[in-house]
Amino acid sequence: MSITVYGIKSCSTMKKAFTKLDQLGVSYDFHDYKKQGIDKPSVQRWVDALGIDKVLNKRGTTWRKLTDEQKQAAADSVDKAIDLLVENTSMIKRPIVEGQIDDKNQGQPILLCGFNESEFEAVIYK
């Protein structure tokens, strides 16, 4: 079993995800964007699998503080949007849960973005 939860420790949504994973008996590693940052290949992998609209959080204060030029650049180019996510990790929707639970989902990879309790149960605890 190898699950990594990406996010920001102080986020209330992250706390819900941690609680649910603990309830499901899933062990995980935590990757804190604020302390560890994130690399472009990881963000690219998430965007390729889920789409930029799922990964990019436009509802938060970090997005709202961007200039109109930065927002337009992100709208015009997925690559520029990914660069903004790497530079401003608070704009990545939280949590990102990635990995595999071999005994529960026959080794199928898991990639979740955002916290949805029923989705966590369906995907992680098949």
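Reference entry: report on the structure contained in this document. Worth saying up front: this structure is predicted, and the values here are computed from it rather than measured. (Residues numbered from 1 in each chain as written. Predicted model: local features only at pLDDT ≥ 70, side-chain atom pairs only at ≥ 80, totals over all residues. Heavy atoms only, no water.)

1. What about unusual backbone geometry?
The test is simple: In this description a helix means any DSSP run of H or I spanning at least four residues, a strand means any run of E spanning at least two, and both kinds are numbered starting from the N terminus.
The omega torsion of the bond from R94 to P95 falls at -10°, within 30 degrees of zero and hence cis. In this fold, P95 is placed in the loop between α7 (78-87) and β3 (96-100).

2. A word on the pairing of strand β1 (residues 2-7)
This is how the line gets drawn: Each residue is placed in one exposure class: buried if its accessible area under a 1.4 Å probe, protein chains only, is under 20% of its type's maximum, exposed if it is over 50%, and partly exposed if it falls in between. Strands were regarded as paired on the criterion that DSSP finds at least two bridges between them. Handedness of a crossover is defined as follows: orient the strands so they point away from the viewer, and if the path from the first strand over the helix to the second runs clockwise, the crossover is right-handed.
Among the six residues in β1, five count as buried, and that is most of the element. Where β1 meets β3, five bridges bridge the pair, whose relative direction is antiparallel. The residue of β3 that forms the bridge with T4 is E98. Strand direction decides the pairing type here: β1 and strand β2 (residues 29-32), joined by four bridges, are parallel. Within β2, the position partnered with G7 by the bridge is D32. Read from β1 through helix α1 (residues 12-23) to β2, the crossover connection turns out right-handed.

3. With respect to the state of the cysteines
In a disulfide, the sulfur atoms of two cysteines are held together by a covalent bond. Defined as follows: Note on terminology: disulfide denotes any pair of cysteine sulfur atoms within 2.5 Å.
For the coordinates displayed, the defined rule picks out zero disulfides. C11 takes part in no disulfide bond, and the closest cysteine sulfur to it belongs to C113, at a distance of 12 Å.

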